[in-house]
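Analysis of the macromolecular model
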Protein chains: 2
Amino acid sequence: MTDTSLYDTGPPRASAPGADGEELLRRGAALVDPPLRAAVAGLHPSTAAVCRYHLGWDADESPTSVRHVAKRVRAALALLSVRSVGAPERFAAVAGTAVELVHQLSLLHDDIMDGDAERRGRPAAWARFGTGAAVLAGDALVVQAVATVLRAEAPGARAAMEDLITAVEQMVEGQAEDLALERRALREVSTSRYARMARGKTGALFGCAAALGAVLADAPAPVVRALRAAGGDLGVAFQILDDVLGLWGDGALTGKPVGADLVRGKKTLPLVLAAAVDSPEGRRVAELLDVVPLPQDRVPEVMRLLEAVGGRERAEEAAARHVAAALAALDAARLPGEVRQEWSSLVACLSRRRR
Amino acid sequence: MTDTSLYDTGPPRASAPGADGEELLRRGAALVDPPLRAAVAGLHPSTAAVCRYHLGWDADESPTSVRHVAKRVRAALALLSVRSVGAPERFAAVAGTAVELVHQLSLLHDDIMDGDAERRGRPAAWARFGTGAAVLAGDALVVQAVATVLRAEAPGARAAMEDLITAVEQMVEGQAEDLALERRALREVSTSRYARMARGKTGALFGCAAALGAVLADAPAPVVRALRAAGGDLGVAFQILDDVLGLWGDGALTGKPVGADLVRGKKTLPLVLAAAVDSPEGRRVAELLDVVPLPQDRVPEVMRLLEAVGGRERAEEAAARHVAAALAALDAARLPGEVRQEWSSLVACLSRRRR
């Protein structure tokens, strides 16, 4: 198994004064944790119970645990969003909380849509509390996300609301496209169609997270645009790595059964790229994936074929190109050197994701 | 079977210059139909297909059909909201569309939560397209609702957003309470707890519909408060009539199987009131409803007991009290005579609901 590291910034320079990626994730998590808990505490007790379980708060999971912190990518992006424009951290708290609430809605509802009965190594919320309770908990969270931005005192609150709503619109559309692609034959799904789906499903909210703090602070439009573009490309890279981890990851770390996407007919990038290879192996991948759900006993053959045509390496290369595009967008924004270094550290950290 | 009319304004006076209730429902439906269709048309094709089916647009249902118009209560409230303050109808179009989108989200998701496989006499959206597709369609609609108010050009747009979000928060909480009450013994559910649930589940969005147009027009706070209060009480009355129709209505008109709420353990007001009656019949109702789901062969006995203790009449009296409270709130608002008459006509029309 190769390393999933895609982007190597080299060893951290001793002179680098900014926070490293892990530290940014920790700070982002610490920033959004109190407002997230407050938002959940205001819900109906039975809805709050579903949310607390879903968020891992019932299991005495420390807000500083590695697993918990690793999941707060969007909060770290929100933190860098305000640091990029020299705005106060309270805008990052608002932005990170709103985006995190939307993200949690998407997890709650996507698990229902995808029939994923496991998350973080235990039953998904719908499997534990019932589909209805999980649907309602997601509804409650998206309303809280909107309320968080609406009730924020910030010069750019109106524009931030527009940003958030546009991101959620795109996310919902991306999820719809993801479901629609499941019903398509693999050979019909082009890489550009995959990219469009991933830009909506994951990229839009990442882009929003990277921009929203700056938008709340009423930062100049060119910087906001660059931050949103960078976040969007990082989101696509993140989604591709998610695809890779779903096939070759460690289920004990990802908390989801390996191969589930494959069986369900999910059009993940390694498959899309493998089926596009003009070779007997490539054609065989497309042929095998014509049957949905894929019979479990076909999984080893598909995995061998994917290795043979380099499906994993091709996907990782694609992710690396999106990471490079994100860094190029950040370069164009001419951020202060220290903040630019922090972006690199966070990107490097995300590129090494295993969960 | 008695008439469900609760409030009789007498025959329409020949001199009344305002629109009658049916006409208001038609105008409200005509006002929100184009923006509703535009909102749905902008969604992902597969999500739009679910929404079109759910909204009855696939069945060549005329936007002026009785069944269709009868369902646009909230749009008619939005219309009266602007007429009450002399504001332009375009604010009613925004308000009615936003509220209707939220209402449709609630129907899509509530059918999943309640396991209702039928709506309007045909399979519910989740039963037709799958749970995942219906969950996503609801998510798409609530985002469109927020976007509708956000993108409106109106002096009170910021306040209107706060109103809408607060109403959706209360609606989600009311729905959570409704589900929580299903798991409670009937004797534990007081009328005040029922009222709190109904105020959230149905009253909040009715109140929002009745106020939002005026809020968008930046109307004076006392009038807005009176309109919201009136709408809230009408919503509770509407919910109570819904409970009554679920037990004694005509399934061919309501489009839902009669008695389904009863079997599921839904704490509808006729049951709550019947179980509170200190008589052998009242106690027997409470006892029978301890078992959830109620065995189908117990339904006739419960229906006989409900008749015996006057569960239906008591519920209808409660609805009439809420209607009276709504009219009192409107009186306090000192609306122009013609508009006040239109409110009475609409209220009378809603009180006669059979579907």
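Residues numbered from 1 in each chain as written. Chains lettered and ligands numbered in written order. Predicted model: local features only at pLDDT ≥ 70, side-chain atom pairs only at ≥ 80, totals over all residues. Heavy atoms only, no water.

We now examine the overall build of chain A. Within chain A one finds 17 helices and two strands. Taking 20 Å as the expected radius of gyration for a compact globule of 355 residues, we find that chain A reaches 20 Å, a close match to that expectation. Once the C-alpha set of chain A is aligned to its principal axes, its extents read approximately 60 × 50 × 35 Å. Per-residue burial for chain A yields a buried fraction of 61% across its 355 residues. Across chain A, contacts joining residues at least 24 apart in sequence account for 78% of those joining residues at least 6 apart. Of the roughly 13,400 Å² that chain A leaves accessible, carbon and sulfur atoms contribute 52%. Positive and negative side-chain charges in chain A, numbering 43 and 45 respectively, have mean positions lying 1 Å apart. (Helix = DSSP H or I, 4+ residues; strand = E, 2+ residues; numbered from the N terminus. Rg over C-alpha atoms; globule rule 2.2 N^0.38 Å. Buried < 20%, exposed > 50% of the residue type's maximum accessible area, 1.4 Å probe, protein only. Contact = heavy atoms within 4.5 Å. Areas by Shrake-Rupley, 256 points an atom, 1.4 Å probe, with all protein chains shown as cover. Lys, Arg positive; Asp, Glu negative; His and termini not counted. Charge placed at Lys NZ, Arg CZ, Asp CG, Glu CD.)

In terms of nonpolar packing, the biggest core is built from 262 residues, with L164, L262 and W343 of chain A together with L164, L262 and W343 of chain B touching the most fellow members. When near neighbours in sequence (up to four residues on either side) are disregarded, L164 of chain B contacts A98, V99, V102, A145, V146, V149, C208 and L212 of chain B. (Core = buried A, V, L, I, M, F, W, Y, C linked by side-chain atoms within 4.5 Å.)

This part takes up the packing of aromatic side chains. Following the criterion strictly, the structure yields four aromatic pairs over all chains and no others. Judged by centre distance (5.3 Å) and plane angle (75°), the rings of Y53 of chain A and F129 of chain A are edge-to-face. Note that Y53 of chain A is positioned in helix α2 (residues 45-54) and F129 of chain A in helix α6 (residues 125-129), a separation of 76 residues in sequence. Geometrically, the ring pair formed by F206 of chain B and F238 of chain B is tilted, given 5.0 Å between the ring centres and 45° between the ring planes. Taken together, the residues F206 of chain B in helix α9 (residues 191-216) and F238 of chain B in helix α10 (residues 221-248) connect sequence positions 32 residues apart. (Phe/Tyr/Trp six-rings, centres within 6.5 Å; stacked < 30°, edge-to-face > 60°.)

For helix α8 (residues 157-182) of chain A, spanning 26 residues, the distance from its first C-alpha to its last is 37 Å, which sits close to the expected 38 Å at 1.5 Å a residue. With 19 of 26 residues buried, α8 of chain A lies mostly within the body of the structure. (Expected span 1.5 Å × (residues − 1).)

All right, on to the packing of α8 of chain A against helix α7 (residues 131-150) of chain B then. At their nearest, the axes of α8 of chain A and α7 of chain B sit 10 Å apart, and the two run at 155° to each other. The angle between the axes of α8 of chain A and α7 of chain B places the two elements in the roughly antiparallel class. Here α8 of chain A and α7 of chain B pass one another in a crossing that is left-handed. Of the residues in α7 of chain B, those in contact with R158, M161, E162, I165, V168, E169, V172, Q175, A176 and L179 of chain A of α8 of chain A are L136, D139, A140, V143, Q144, V146, A147 and L150 of chain B. Across the contact of α8 of chain A with α7 of chain B, the residue classes break down as 12 nonpolar, two polar and four charged. (Axes fitted to C-alpha atoms, helices over the stretch in contact; angles between N-to-C directions. Parallel < 35°, antiparallel > 145°, perpendicular 65-115°, else oblique. Left-handed = near helix turned anticlockwise from the far one by under 90°. Nonpolar A, V, L, I, M, F, W, Y, C, P; charged D, E, K, R; others polar.)

Aligned on chain A, chain B shows an RMSD of 0.0 Å; the corresponding rotation is 180° and the shift along the axis is 0.0 Å. In short, the pair behaves as if placed about a two-fold rotation axis. A symmetric contact is evident, with 100% of the interface residues of chain B recurring at the interface of chain A. (Least-squares fit on C-alpha atoms with pLDDT ≥ 70 in both.)

Our next topic: the interface of chain B and chain A. In this assembly, 35 residues from chain B lie in contact with 35 residues from chain A. In total, about 2,900 Å² of surface goes out of reach between chain B and chain A, with carbon and sulfur atoms giving 70% of it. On the chain B side of the contact with chain A, H44, L136 and L150 of chain B bury the most area, a combined 20% of that side's loss. For the salt bridge of E162 of chain A with R151 of chain B, the shortest nitrogen-to-oxygen distance reads 2.9 Å. At the boundary of chain B and chain A, one finds 14 residue pairs in polar contact (both at pLDDT 80 or more). (Buried area = accessible area lost by both parts, 1.4 Å probe. Salt bridge = Lys/Arg side-chain N within 4 Å of Asp/Glu carboxyl O. Polar contact = N/O pair within 3.5 Å; in protein donor to acceptor, adjacent residues only side chain to side chain.)

So, on to α7 of chain B. With 20 residues, α7 of chain B should cover 28 Å at 1.5 Å per step; its first-to-last C-alpha distance of 29 Å lies within 8% of that length. Here α7 of chain B lies mainly inside the structure; 18 of its 20 residues are buried.

So, about the side chain of S81 of chain A. All names here are of chain A. By the element assignment, S81 lies in helix α4 (residues 73-85). S81 gets classed as buried once you look at its relative accessible area, which sits at 0%. Looking at S81, its side chain comes within polar contact range of the main-chain nitrogen of G213, at 3.2 Å. Discounting residues that sit within four places of it in the chain, S81 has contacts with A209, A210, A211, L212, G213, A214, L227 and W343.

On to the environment of G21 of chain A. All names here are of chain A. Assignment of secondary structure puts G21 in helix α1 (residues 21-41). The class of G21 is buried, set by a relative accessible area of 5%. Separated by 322 residues in the primary sequence, G21 and W343 place their C-alpha atoms 7.9 Å from one another.

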